[in-house]
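# Understanding the architecture of this molecule
As a plain string of letters, each chain reads:
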Amino acid sequence: MSPQQRHRSSSSSSLAAAQGRSISSEPNNKPIYTFGLLTDIQHAPIPDGHSYTGNARYYRHAIDAAAFAAQHFQDEQVHCVVNLGDIIDGKCADVLRWGGGSIEVDTTNNSGIDEKDEKKIADKDETIISVGHDAIDNVLQSLSVYTGRILHTYGNHELYNLSRERLGEKLGIPFTMESTGDLVGYYTCLIENHNQNEETEEPSSSSSSSMKLRALVLDTYDLCLLDRCPESSYKRHRAHEILSANNHNYPQNENSPEGLDGLSRRFVAFNGGIDEPQLEWLQHSLQLARDNDEKVIIFSHQPIHPGSSWPTCLVWNYDEVLDILRSYKDVIIASFSGHAHKGGYIRDEESGIHFRSVEAVLESSPPIRTYAIVDVFEDRLVFRGEGDCLSDVYDLDHVKMSAKV
């Protein structure tokens, strides 16, 4: 059974249960936290097209869908929004090839291309270089109707267009330089509950819980080929070694999983892995959350659990990440990711942690707008899907919530 089939078969019964609980006699039916989720917008100023596997993609509609989602987030006054990566498409780097424009040059005269035409071509080249930058700006503008905090991850498609330095500037990702000289973009923050009364510092009527919720945002392109210097980058060298050892198609056809079986299909160049310093940071951050009586949600572009995604989308060293997460099952509520456009879900049998790959904005045809709003309660997550994003409810019986003061 595929991740998508497993996900679909679990949704209806759990959603019905949630609807039943939401109108039950519980003393407090208000969520403690609410946040918006969207992923794989992959906007590009080109006509609609298809993926390399034939899935329809709606590059221009995606930005309209993102704007609609932002308005919904604003209307509901969610506590924050999380963008799970791939905010623009790699095709922004070559819009002419994909029908995004053309250079008009007059060749009717016998003298060939004149100085005016050469300037036109040069100007067009400059335009092509800036397409990725402009596309991100346009998506951010469409999201700006939401006035709260947006937490961004990044994926492979951003790296086809922009450097990590520019991504940090545009998306507010706090990239730092490790001792190897490579930039990495993992970070953490508490999700602020603005239902607290600022004057009395007492909970408002929306929730009387004292739960503290922390977001841990992973960088799954820590070890990768993309935007890493071939001569000097330690992490690129590591990525080269990993792909050389695990994919016989590399380097000639680095994005192909052809001939690879099962989970080995994850070793392609549009994926990446998590290096040792980030793994140590992850464990340290989870221990601090445990010590401070916080609950955690993991956010990443690439899926971490093989049951929540096709193998071709997984983090290279997903097993190492899973080992750490399973050690903190009393802390981690769920893990949400993008990258696998059709979505998927599994509840890890060993830990009880929920792993959800969220459906992509990009592959929903007009007028469908795909995104989600997640409500966090003491005992469950209510995942309210919009468009092609499936709704579900996830019990939190694997974590011990703090007693209400």
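This text follows the structure it describes.
Since the structure is predicted, the reported quantities are computational estimates derived from the model, not experimental observations.

A few words now on the overall build of the chain. When you go through the chain residue by residue, the secondary structure sums to eight helices and 16 strands. With 405 residues in all, the chain has 54% of them scored as buried. At a minimum sequence separation of 6, the contacts of the chain that also span at least 24 residues come to 71%. For the chain, the accessible area works out to roughly 18,000 Å², and carbon and sulfur atoms hold 49% of it.

For the rest of this paragraph, the subject is the environment of D182. Position of D182 among the secondary structure elements: in the loop between β6 (176–177) and β7 (183–184). In the structure, D182 is positioned 45 residues away from D227 in sequence and 10.0 Å away in space, judged by C-alpha atoms. Sequence-distant contacts of D182, that is, excluding residues within four places in its chain, are made with T176, M177, R228, S233, Y234 and K235. A polar contact is formed between the side chain of D182 and the side chain of S233, at a distance of 2.8 Å.

Moving on to the side chain of R57. Its place among the elements puts R57 in strand β3 (residues 56–57). Side-chain polar atoms of R57 contact the side chain of E363, separated by 3.3 Å. With sequence-adjacent residues up to four places away left out, R57 is seen in contact with Q42, D48, G49, H50, S51, D89, H341, L362 and E363.

Looking now at the pairing of strand β10 (residues 294–300). Among the seven residues in β10, seven count as buried, and that is most of the element. In β10, alternate side chains face the same way, and those of E294, V296, I298 and S300 on one face and K295, I297 and F299 on the other are all buried. Pairing of strand β9 (residues 212–217) with β10 involves six bridges; the strand directions are parallel. In the strand pairing of β10, K212 is matched with E294. Pairing of β10 with strand β11 (residues 332–337) involves five bridges; the strand directions are parallel.

Strand pairs in the sheet, formed through backbone hydrogen bonds, run parallel or antiparallel to each other. One open sheet holds the six strands; their spatial order is β8-β9-β10-β11-β13-β12, and the pairing between them is mixed. Each edge of the open sheet is held by one strand with a lone partner, namely β8 (187–190) and β12 (344–347). Looking at each pair of strands side by side, their axes are set apart by 15 degrees on average, direction ignored. As paired elements, β11 and strand β13 (residues 354–357) share four bridges and run parallel to each other. Across the sheet, the residue bridging to S337 is S357, located in β13. Together, β8, β9, β10 and β11 form the strand contacts of helix α7 (residues 276–291), whose direction differs from that of β9 by roughly 180 degrees.

What follows is about the pattern of salt bridges. Under the definition given, this model contains 18 salt bridges. Linking E178 and K235 is a salt bridge whose minimum nitrogen-to-oxygen distance equals 2.8 Å. Note that E178 is positioned in the loop between β6 and β7 and K235 in helix α6 (residues 234–246), a separation of 57 residues in sequence. Taken individually, E178 and K235 each receive the classification buried, so the pair is uniform in this respect. As a salt-bridge pair, D375 and R384 come within 2.8 Å of each other at their nearest N and O atoms. The buried category is assigned to D375, whose relative accessible area is 8%.

Cut-offs used in this document
Residues numbered from 1 in each chain as written. Predicted model: local features only at pLDDT ≥ 70, side-chain atom pairs only at ≥ 80, totals over all residues. Heavy atoms only, no water. Helix = DSSP H or I, 4+ residues; strand = E, 2+ residues; numbered from the N terminus. Buried < 20%, exposed > 50% of the residue type's maximum accessible area, 1.4 Å probe, protein only. Contact = heavy atoms within 4.5 Å. Areas by Shrake-Rupley, 256 points an atom, 1.4 Å probe, with all protein chains shown as cover. Polar contact = N/O pair within 3.5 Å; in protein donor to acceptor, adjacent residues only side chain to side chain. Pairing = 2+ DSSP bridges. Axes fitted to C-alpha atoms, helices over the stretch in contact; angles between N-to-C directions. Salt bridge = Lys/Arg side-chain N within 4 Å of Asp/Glu carboxyl O.

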